[in-house]
Amino acid sequence: MPTTGPQNWPENDKNWRRGFWSLIATQFQGAFNDNGLKFFVIYLILGQNPTTAQKDFGVFLIGNLFAIPFLLFSMTGGFLADRFSKRSVTIGTKLFEIAAMLFAIFAFHQGNPYLAYAVIFLASTQAALFGPSKYGLLPELLPAELLSWGNGVLELTTFLAIISGTVAGSFLAQQFHSSPATAGMIYGACSLIGLAASFLISRVPVGDPSKKFRFNIFGDLRAQRKLVQPDRALKLAIIGNTYFGFSARCCNLSLFFTAAKSCT
């Protein structure tokens, strides 16, 4: 039976389907937790009747703590995705997420807002480290003719996770405002489900075992820009993806700030 594409694709149709949908489940759970935690923390803090200045500062701080890890650690996530198997990186980030959820349970139990802010930062750091492996796995799991479809499914389920996580965060804040550690346990249980799904992702080879880590993320970014510069189609695809990704994140943050400002 003839095959197309890279030789590392699973030969059995059932295998690549299992790996792909396991990746989708892993990503859905991660995006659900990230956005759910963000809104849970802000509603939790606003429920303590802070002053207007405290509320404005808290909203501003949480928005930045959610965004900054993507600027700081996305290039590190790209290095890990090249240097190690993307499946292994995915599993590793899920273990990191579980550790972050254990810290969240402790933070919510203590009722310390600064520890709660740290939870947001840790959850976003996990998402930033996982992002490059998430997208890099698609061409290693799917046949070329299904790659566009797979990207569409990934983006669709990600936005569904963001929306459902946003709703769940506010709901849990209402239900467990007096015992927030219980909500932390719920998010921790979701992380365990995500970890289980990550183990079902098909095994894939290491992309570049000789990859060297660069501490200068801006220098690495310039090097990558020079690499794609000659390929016009690839350059336009990156610009388009960056634009839509940036627009979606701005809309998400706008919704976050609007919802938070409307709370009393």
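Higher on the page you've got the structure.
Residues numbered from 1 in each chain as written. Predicted model: local features only at pLDDT ≥ 70, side-chain atom pairs only at ≥ 80, totals over all residues. Heavy atoms only, no water.

## Comments concerning the overall build of the chain
And then number 1: The helix and strand tally for the chain stands at 8 helices and 0 strands.
And then number 2: Counting from the amino terminus, helix and strand elements in the chain follow one another as α-α-α-α-α-α-α-α.
And then number 3: The buried share of the chain, taken over its 264 residues, is 43%.
And then number 4: Expressed as a percentage of contacts within the chain between residues at least 6 apart in sequence, the contacts between residues at least 24 apart total 85%. (Helix = DSSP H or I, 4+ residues; strand = E, 2+ residues; numbered from the N terminus. Buried < 20%, exposed > 50% of the residue type's maximum accessible area, 1.4 Å probe, protein only. Contact = heavy atoms within 4.5 Å.)

## Some points on the packing of aromatic side chains
And then number 1: Enumeration according to the criterion identifies 11 aromatic pairs in this entry.
And then number 2: Aromatic pair phenylalanine 20 and tryptophan 149: ring centres 5.2 Å apart, planes at 35 degrees, arrangement tilted. Of this pair, phenylalanine 20 sits in helix α1 (residues 13-46) while tryptophan 149 is found in helix α5 (residues 147-175), placing the two residues 129 residues apart along the sequence.
And then number 3: Residue phenylalanine 20 is classed as buried on the basis of its relative accessible area of 0%.
And then number 4: Considering the side-chain rings of tyrosine 114 and tyrosine 117, the 6.0 Å spacing of their centres and the 80 degrees angle between planes classify their relative orientation as edge-to-face. Here tyrosine 114 pairs with tyrosine 117, and both are found in helix α4 (residues 113-141), just 3 residues apart, close to one helical turn.
And then number 5: Accessibility expressed as a relative area gives 59% for tyrosine 114, which makes it exposed.
And then number 6: On the basis of relative accessibility, which here comes to 8%, the residue tyrosine 117 falls in the buried class. (Phe/Tyr/Trp six-rings, centres within 6.5 Å; stacked < 30°, edge-to-face > 60°.)

## Observations concerning a nonpolar patch on the surface
And then number 1: Nonpolar side chains collect at one region of the surface, where Ile68, Leu71 and Leu72 lie side by side and expose about 280 Å² of accessible area between them.
And then number 2: Mapped onto the elements of the fold, leucine 72 is located in helix α2 (residues 52-83). (Patch = residues over 30% accessible without salt bridge, like charges linked within 9 Å, V, L, I, M, F, W, Y side chains within 5 Å. Areas by Shrake-Rupley, 256 points an atom, 1.4 Å probe, with all protein chains shown as cover. Salt bridge = Lys/Arg side-chain N within 4 Å of Asp/Glu carboxyl O.)

## Considering the nonpolar core
And then number 1: Core analysis: the largest hydrophobic core is formed by 30 residues, its most contacted members being Leu37, Phe40, Val41, Ile62, Phe108, Ile120 and Tyr187.
And then number 2: Of all elements in the fold, only α1, α2, α3 (86-110), α4, α5 and α6 (180-198) reach the threshold of two or more residues within this core.
And then number 3: Per-element accounting of this core gives the leading share, 9 residues, to α1.
And then number 4: Core analysis: the second largest hydrophobic core is formed by 13 residues, Phe20, Leu137, Leu142 and Ile201 among them. (Core = buried A, V, L, I, M, F, W, Y, C linked by side-chain atoms within 4.5 Å.)

## Looking at the packing of α2 against α4
And then number 1: Between α2 and α4, the least distance of the axes is 6 Å, while the angle of their chain directions is 30 degrees. Overall, the two elements α2 and α4 adopt an arrangement that is roughly parallel. Crossing of α2 over α4 shows right-handed handedness.
And then number 2: Looking at the contact of α2 with α4 residue by residue, the class counts come to 16 nonpolar, 8 polar and no charged. (Axes fitted to C-alpha atoms, helices over the stretch in contact; angles between N-to-C directions. Parallel < 35°, antiparallel > 145°, perpendicular 65-115°, else oblique. Left-handed = near helix turned anticlockwise from the far one by under 90°. Nonpolar A, V, L, I, M, F, W, Y, C, P; charged D, E, K, R; others polar.)

## Some points on the packing of α3 against α6
And then number 1: Packing of α3 against α6 leaves a shortest axis separation of 8 Å and a crossing angle of 170 degrees. Considering their axes alone, α3 and α6 lie roughly antiparallel with respect to each other. Each of Arg87, Thr90, Ile91, Lys94, Leu95, Glu97, Ile98, Met101, Ile105, Phe108 and His109 in α3 lies in contact with α6, whose residues at this interface are Pro180, Ala181, Gly184, Met185, Tyr187, Gly188, Ser191, Leu192, Gly194, Leu195 and Ser198.
And then number 2: Looking at the contact of α3 with α6 residue by residue, the classes come out as 12 nonpolar, 7 polar and 3 charged.

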